[in-house]
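Observations on the model geometry
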Amino acid sequence: MGLLSIFKKSEKQKEEEVRDLETGLAKSKESILGKLSRAIAGKSKVDEEVLDSLEELLITSDVGVDTTVKIIERIEERVARDKYMSTDELDAILRSEIAALLSERGDGSATESYCKVGGMPYVVMVVGVNGVGKTTTIGKIAARLTASGKKVFLGAADTFRAAAIDQLCIWGERAGATVVKQSMGSDPASVAFDTLKSAVAQGADVVIIDTAGRLHNKINLMNELTKIRNVMSKVVPDAPHEVLLVLDGSTGQNAIEQARQFTEATKVTALAVTKLDGTAKGGVVIGISDRFSVPVRFIGVGEGVDHLQEFDSKLFVETLFRK
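From a predicted model like this one, the values you see are computed outputs, not experimental measurements. (Residues numbered from 1 in each chain as written. Predicted model: local features only at pLDDT ≥ 70, side-chain atom pairs only at ≥ 80, totals over all residues. Heavy atoms only, no water.)

Of regular secondary structure, the chain possesses twelve helices and eight strands. The C-alpha atoms of the chain give 21 Å as radius of gyration, which agrees with the globular expectation for 323 residues (20 Å, within 12%). By its C-alpha atoms, the chain is 65 × 45 × 35 Å across when sized along the principal axes. Here the chain holds 323 residues, and the buried ones make up 53% of them. Here the contacts in the chain between residues at least 6 apart in sequence split such that 77% fall between residues at least 24 apart. For the chain, the exposed area adds up to about 13500 Å²; of that, 49% sits on carbon and sulfur atoms. (Helix = DSSP H or I, 4+ residues; strand = E, 2+ residues; numbered from the N terminus. Rg over C-alpha atoms; globule rule 2.2 N^0.38 Å. Buried < 20%, exposed > 50% of the residue type's maximum accessible area, 1.4 Å probe, protein only. Contact = heavy atoms within 4.5 Å. Areas by Shrake-Rupley, 256 points an atom, 1.4 Å probe, with all protein chains shown as cover.)

Right, let's get into the nonpolar core. One finds Leu54, Ile208 and Phe316 to be the most contacted residues of the largest nonpolar core, which totals 100 residues. At seven residues, helix 5 (residues 90-103) tops the list of elements feeding residues into this core. Other than its neighbours up to four places away in sequence, Ile208 contacts Val124, Val126, Ile138, Ile141, Ala142, Leu145, Val152, Phe153, Leu154 and Gly155. (Core = buried A, V, L, I, M, F, W, Y, C linked by side-chain atoms within 4.5 Å.)

Turning to the pattern of salt bridges, a few remarks are in order. By the definition in use, this model includes 13 salt bridges. For Lys70, the salt bridge identified is with Asp290, shortest N-O distance 3.1 Å. With Lys70 in helix 4 (residues 65-82) and Asp290 in helix 11 (residues 284-292), this pair connects stretches of sequence that are 220 residues apart. Given a relative accessible area of 34%, Lys70 falls into the partly exposed group. (Salt bridge = Lys/Arg side-chain N within 4 Å of Asp/Glu carboxyl O.)

With that settled, the discussion passes to the packing of aromatic side chains. Under the definition given, this model contains two aromatic pairs. Centroid distance Tyr114 to Tyr122: 5.0 Å. Interplanar angle 25°. Geometry classified as stacked. For the pair shown, Tyr114 and Tyr122 are each scored as buried. (Phe/Tyr/Trp six-rings, centres within 6.5 Å; stacked < 30°, edge-to-face > 60°.)

A surface patch of like charges, here negative, comprises Glu48, Asp52, Glu73, Glu76 and Glu77. Among the secondary structure elements, those contributing two or more residues to the negative patch are helix 3 (48-60) and helix 4. With three residues, the single largest contributor to the negative patch is helix 4. Here Glu48 shows up in helix 3. (Patch = residues over 30% accessible without salt bridge, like charges linked within 9 Å, V, L, I, M, F, W, Y side chains within 5 Å. Lys, Arg positive; Asp, Glu negative; His and termini not counted. Charge placed at Lys NZ, Arg CZ, Asp CG, Glu CD.)

Across the chain, the average pLDDT comes to 87, with 93% of residues at or above 70. In the model of the chain, helix 1 (residues 11-24) stands out as the element of lowest mean pLDDT, 82, in contrast to strand 3 (residues 178-180), which has the highest, 98. (pLDDT = per-residue confidence, 0-100.)

Right, let's get into the environment of Asp82. Note that Asp82 resides in helix 4. Here Asp82 falls in the partly exposed class, since its relative accessible area comes to 38%. Linking Asp82 and Gly155, residues 73 residues apart in sequence, is a C-alpha distance of 55 Å.

Before going further, it helps to spend a moment on the packing of helix 3 against helix 4. Where helix 3 contacts helix 4, the axes come no closer than 9 Å and their chain directions differ by 150°. By the angle between their axes, helix 3 is roughly antiparallel relative to helix 4. Every pair of crossing elements has a handedness; the one defined by helix 3 and helix 4 is right-handed. Along the contact surface, helix 3 presents Leu51, Leu54, Glu55, Leu58 and Ile59, while helix 4 presents Val65, Thr68, Val69, Ile71, Ile72, Ile75 and Glu76. Broken down by class, the residue content of the contact of helix 3 with helix 4 amounts to nine nonpolar, one polar and two charged. (Axes fitted to C-alpha atoms, helices over the stretch in contact; angles between N-to-C directions. Parallel < 35°, antiparallel > 145°, perpendicular 65-115°, else oblique. Left-handed = near helix turned anticlockwise from the far one by under 90°. Nonpolar A, V, L, I, M, F, W, Y, C, P; charged D, E, K, R; others polar.)

In this section: the environment of Ser198. Along the chain, Ser198 turns up in helix 8 (residues 188-201). Given a relative accessible area of 25%, Ser198 falls into the partly exposed group. Sequence-wise, Ser198 and Val231 are 33 residues apart; in three dimensions their C-alpha atoms are separated by 14 Å. Once residues lying within four places of it in the same chain are set aside, the contact partners of Ser198 are Phe153 and Val180.

So, about helix 8. Between its first and last C-alpha atoms helix 8 spans 20 Å; for 14 residues at 1.5 Å apiece the expected length is 20 Å, and the two agree. Those residues of helix 8 that sit buried are Pro188, Ala189, Val191, Ala192, Thr195, Leu196 and Ala199. Looking straight down helix 8, one finds that the buried residues subtend no more than 160° of arc, so they occupy a single side. Immediately beyond the C-terminal end of helix 8, within one or two residues, lies Gly203, with a positive phi of roughly 70°. (Expected span 1.5 Å × (residues − 1). Arc of directions from axis to C-beta.)

Across the five residues of strand 6 (residues 270-274), five count as buried, placing the element largely inside the fold. Because side chains alternate across strand 6, one face comprises the buried residues Ala270, Ala272 and Thr274, and the other comprises Leu271 and Val273, equally buried. Bridge count between strand 5 (residues 242-248) and strand 6: five bridges; the pairing is parallel. Bridged to Val246 within strand 6 is Ala272. As a crossover connection, the stretch from strand 5 through helix 10 (residues 253-265) into strand 6 is right-handed. In terms of strand pairing, strand 6 meets strand 7 (residues 296-300) through three bridges, oriented parallel. Looking across to strand 7, one finds that Val273 is bridged to Ile299. With respect to chirality, the unit in which strand 6 leads through helix 11 into the neighbouring parallel strand 7 is right-handed. (Pairing = 2+ DSSP bridges. Right-handed = clockwise from strand over helix to strand, strands pointing away.)

Here's what the structure looks like:
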């Protein structure tokens, strides 16, 4: 994990996370390795036909066309340089080149940890469409932060759905975090303002603001998120310090489309990709990270609090492609 990991972990916890990652990516791994075996069946060396099959494999594994082209070009360069490459080496080469590509984006866990900035709370604005696991992700982050001794405030600024406010309150109680809310239909920026004022007054370490996930009108979404950002910066300079976009990994290419729309609507600085367990679409993490040049901070590989993991690109790729 990154040197500035948000959550302190024991060796036992790290081992458990590796096992959870293996379990969570099992279907994606099974799908990819099955396709890889078929791509190289009867072949002893990596040739043009194998590369064509590999290209199809990556695209159908939800890596995405643009990212797939980059990976294939990297492998072609190695084949040309080494003159001969056996198909037995291909899975190791794939891991190496994809990990190198993702490392250029940086791991989310290696960015600034969630701690006070200039004596003020670290502020995270969380965005994403309804149903991707946004509020649950906030709750899991809050639970792990409070367990590590942080004082956390949550702002229920998704005021268009009573269920979102109620769900955040349940998670806040479960996590031991303070929830600031208003009635349904209230101005989201007002909720964000009140949350930050209370958090500053009570010496909070981290503030996480939930926001509405409507995408039917991107202009309204952009205006709303901009208003929330402007209001927060009046209370805490430079807030939000992070804009975390939550995406549902099980939706594959639809997650990439959501990322495109949200990155156009506001400045996204980190990603969380949820629901990777139970799906064969784990390759979408690679495509999203590469295409939008935004680091993945968290991935969700199960229902439990501990199944929200800080993203380690090298470990992720090794797990996904290891035989």
